Amino acid sequence: MRRTSASLVAGALVAAVAWASTPTSPATALDPAVGVADLATDINKILADSRLTIARAGVVVKSAANGEELYATDAGKLLTPASNTKLFTAAAAAETLGLDYRFTTAALQSGRRAGGVLHGDLVLRGTGDPTALAEDYDKLAADVAAKGVKLVTGKLVTDDTWFDGQRLGNDWSWDDETAYYAAPISALTASPDRDYDAGSIIVSVAAAGSSVKVTTTPETDYFTIVNRATVGSETDVLIERRHGTRTVVITGTVADPYDEWVAVDDPTNYVATLFRKSLAKHGVKVLGPTTAAATPSGATELAKRESMPLRELLVPFMKLSNNIHAEILTKAMGRKAAGQGTWSAGLKVITDYARANGAQVINVRDGSGLSRRDGFSPASIAQFLTSVRGKPWFQAYYDSLPVAGEPDRLVGGTLRSRMRATPAAGNVRAKTGSLTGVTALSGYVTSADGEPLVFAIMLNQYLSGSPKDIEDKIAVRLAQFSRTTATTTDLRAAAPPSGGPAQDLECSWLKPATC
């Protein structure tokens, strides 16, 4: 039996929900306590799903207006949050860095200039900008050329020391090492697209006559491509980078064009190849090799790029559940707060901020939720979401959350295909979370009475069949919740669209995005 808070158990003794086949029966007035009890009865019935028989389910619902707990089961248990971790990372970043925070990337000269000749080194210094595209590095190279530099007698120096040299999270799976959603973290990185999937490139295949043509976005020779694919009657192709290498092996058959996002092995070296190629394109020749080092003292700036402000970056970060943004922001917070661009320094900022805002049962191992050692209680998430509503940056935070049933990717985000044509559509704003055997949904919804509610739903250790529809049913029921009016409820309307993929990963991690 699901355990609810004591006040709800008492209320449930005096009322039972009327389950009907349509939501159009006449409404009747009732005592507010009965409306809350009906909500508890409904959620308990939803959680009685057989898929959760051996699973762990923690759910908390609170009134954001007065903090009243409307429902709770296993509220204090430590559960795996997956990408619900980003709720804490984004809030801590807004508080610590500020919504106007921008990442900067600069080209500097170190040495003596004589006309168009730089007798010394050209330095490329980064601070982690995940929005930098190949074209942005090309623009930096063009700006260097515009300053009159034609020849560099020394080296091209890449300075990524704003962050430490640890590229991957301590607990990240070996299986994910080549996946773009677990790309290495560096203060110098590049994205192949305007989802800003930093640290990766897009490998594309297409049938070209009797052979398979391979291209990359951006165009680069950084990878060694081993193309063993053949033209076939269907596209069944595997594009995979070998662990710890720059070799991408392509096997299978290709009929229709297909794209795969692949993590690079070393973002700093990858960026250096992009920048050096662009320098040559704009007539700047660098005689020396590429090396990695801190910017020498006395170096002077030739050109600089600034990213979009954090208030804008929050949108692709949260809507599309971008793991790399989360980890870059974590290290940026560590650099800002402690002068150390490390996971440990950044995670301390997140942890301290979470605890200061009511999240007491927490264990934060990364900023994104990729780690299976991340842990939060549903009560901590709900309390945190309630607390941050009063922050000056809250509106930008709230606006960055995925919106149920909104088809635009940068509005609906990872909820764009869920809860369509239900009372939750356009109403529920919440962060999804998905790993194998883990799903979570936490955020905000307005009840049928216009009351703002906060909820946290965490489902762990189920064996088969994604229970995201269970989350959706609860969210829809919250959108229908009334303290004073009884309405019939048809929770079948909350089921995901037919034909949608069963997901053990976030919707936006499935590239190309079709869900």
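Just so it is clear, the model here is predicted, and its values are computed rather than measured. Each residue is numbered by its place in its chain's sequence as written, counting from 1. Reporting of local features is limited, given that this is a predicted model, to residues whose pLDDT is at least 70; pairs of side-chain atoms are given and counted only at 80 or more, and all residues count toward the totals for whole chains, interfaces and linings. Just so you know, side-chain values use all the structure's heavy atoms and leave hydrogens and water out.

**Concerning helix α4 (residues 134–146)**
Note that an α-helix has 3.6 residues per turn; residues three or four places apart therefore point the same way. Stated formally: Only DSSP runs of H or I covering at least 4 residues are called helices, and only runs of E covering at least 2 are called strands; the numbering of each starts at the N terminus. The length a helix should cover is 1.5 Å for every residue beyond the first. Here's how the labels work: a residue is buried when its accessible area is under 20% of the maximum for its type, exposed when over 50%, partly exposed in between, all with a 1.4 Å probe on protein chains only.
Under the 1.5 Å per step criterion, the end-to-end length of α4 is 18 Å for 13 residues, consistent within 8% with the ideal 18 Å. Every buried residue of α4 is listed here: Asp 136, Tyr 137, Asp 138, Leu 140, Ala 141, Val 144 and Ala 145. Gly 148, located one to two residues past α4, shows a positive phi value of around 95°.

**Here's the deal with the nonpolar core**
Note the cut-off: Residue types Ala, Val, Leu, Ile, Met, Phe, Trp, Tyr and Cys, when buried and joined through side-chain atoms within 4.5 Å, form a set referred to as a nonpolar core. We call two residues in contact whenever any of their non-hydrogen atoms come within 4.5 Å of each other.
By size, the foremost hydrophobic cluster in this structure holds 67 residues, and its most contacted members are Phe 88, Phe 384, Tyr 397 and Tyr 444. The element best represented in this core is helix α3 (residues 86–96), accounting for 7 residues. Among all residues touching Tyr 397, those that are not within four sequence positions of it are Leu 87, Ala 90, Ala 91, Phe 384, Leu 385, Val 388 and Tyr 444.

**Let's talk about the side chain of Glu 327**
Put simply, the rule reads: Counting rule applied: Lys, Arg positive; Asp, Glu negative; His and chain ends not counted. Every case where a carboxyl oxygen of Asp or Glu lies within 4 Å of a side-chain nitrogen of Lys or Arg is listed as a salt bridge.
Examined against the element boundaries, Glu 327 turns out to sit in helix α7 (residues 323–338). No salt bridge is formed by the buried Glu 327; the nearest opposite charge belongs to Lys 86, separated by 7.1 Å. Apart from the residues lying within four places of it in its own chain, the contact partners of Glu 327 are Trp 172, Ile 185, Trp 343, Asp 366, Gly 367 and Ser 368.

**What to know about unusual backbone geometry**
Cis rather than trans, the peptide bond between Thr 217 and Pro 218 has omega equal to -5°. Summarising the element assignment, Pro 218 is placed in the loop between β9 (211–217) and β10 (224–227). One non-glycine residue with positive phi stands out, namely Met 419, at about 65°. Structurally, Met 419 can be placed in the loop between α11 (409–412) and β20 (429–435).

**Thoughts on the sheet that holds strand β22 (residues 452–460)**
Under the convention used in this document: Between any two strands, at least two bridges found by DSSP are needed for them to pair. With axes taken as lines fitted to C-alpha atoms, and helix axes fitted only over the stretch in contact, angles between N-to-C directions fall between 0 and 180 degrees.
Taken in spatial order, the 5 strands make up an open sheet running β3-β2-β22-β21-β20, and their pairing is antiparallel. The open sheet terminates on both sides in strands that have one partner only, identified here as β3 (69–73) and β20. For this sheet, the mean inter-axis angle between neighbouring strands, taken without regard to orientation, is 5°. Of the pairings in the sheet, the one linking strand β21 (residues 438–446) to β22 comprises 9 bridges and is antiparallel in character. Bridged to Thr 446 within β22 is Pro 452. Running at roughly 25° to β3, helix α2 (residues 32–47) makes contact with β2 (56–63) and β3 of the sheet. In this fold helix α12 (residues 468–480) packs onto β2, β20, β21 and β22, with an angle of close to 15° to the strand it touches most, β21.

**Quick look at the confidence of the model for the chain**
Which entries qualify depends on this criterion: Per-residue confidence from the predictor is reported as pLDDT, which spans 0 to 100.
With 89% of its residues at a pLDDT of 70 or more, the chain has an overall mean of 91. With pLDDT under 50 throughout, residues 1–27 is counted as low confidence; its partners more than four residues away or in other chains account for 50 contacts. The low-confidence segment residues 493–502, where pLDDT is below 50, has 10 contacts with residues more than four positions distant or belonging to other chains.

**With respect to the pairing of β20**
Most of β20 sits out of view: 7 of its 7 residues are buried. Taking every second residue as pointing to the same face, both faces of β20 are buried, with Arg 429, Lys 431, Gly 433 and Leu 435 on one and Ala 430, Thr 432 and Ser 434 on the other. Direction of pairing for β20 relative to β21: antiparallel, over a ladder of 7 bridges. In the strand pairing of β21, Lys 431 is matched with Ser 442. Between the end of β20 and the start of β21, which pair antiparallel, lie 2 residues, with Gly 437 showing a positive phi angle near 80°.

**Description of the packing of α7 against helix α8 (residues 343–356)**
When two helices pack together, their arrangement is given by the angle between the helix axes and by the axis-to-axis distance. Put simply, the rule reads: Here the word oblique covers every angle except those under 35 degrees (roughly parallel), over 145 (roughly antiparallel) and from 65 to 115 (roughly perpendicular). Three classes are used: nonpolar for Ala, Val, Leu, Ile, Met, Phe, Trp, Tyr, Cys and Pro, charged for Asp, Glu, Lys and Arg, and polar for all others, with Gly counted as polar.
In the contact formed by α7 and α8, the axes pass within 7 Å of each other and the chain directions differ by 85°. Comparing the axis directions of α7 and α8 gives the class roughly perpendicular. For the pair formed by α7 and α8, the contact residues are Glu 327, Thr 330, Lys 331, Met 333, Gly 334, Ala 337 and Ala 338 on the first element and Trp 343, Ala 345, Gly 346, Leu 347, Val 349 and Ile 350 on the second. Residues belonging to the contact of α7 with α8 are distributed by class as follows: 8 nonpolar, 3 polar and 2 charged.

**Here we look at helix α5 (residues 267–281)**
Helix length check: α5 (15 residues) gives 21 Å between terminal C-alpha atoms against 21 Å at 1.5 Å per residue, within 8%. Of all the residues in α5, the buried ones are Pro 267, Thr 268, Tyr 270, Val 271, Ala 272, Leu 274, Phe 275, Ser 278 and Leu 279. Trailing α5 by a residue or two, Gly 283 shows a phi angle of about 85°, which is positive.

**Digging into the packing of aromatic side chains**
Worth spelling out the cut-off: Two aromatic rings, drawn from Phe, Tyr or Trp (for Trp, its six-membered ring), form a pair once their centres lie within 6.5 Å of each other, and the interplanar angle then sorts them: stacked below 30 degrees, edge-to-face above 60, tilted otherwise.
Taken as a whole and judged by the stated rule, the model has 13 aromatic pairs. Both rings, one in Phe 88 and one in Phe 384, keep their centres 4.5 Å apart while their planes meet at 35°; by these two values the pair is tilted. Of this pair, Phe 88 sits in helix α3 while Phe 384 sits in helix α9 (residues 378–387), placing them 296 residues apart in sequence. Judged on exposure class, the residue Phe 88 and its partner Phe 384 are both buried. Considering the side-chain rings of Phe 394 and Tyr 397, the 6.3 Å spacing of their centres and the 45° angle between planes classify their relative orientation as tilted.

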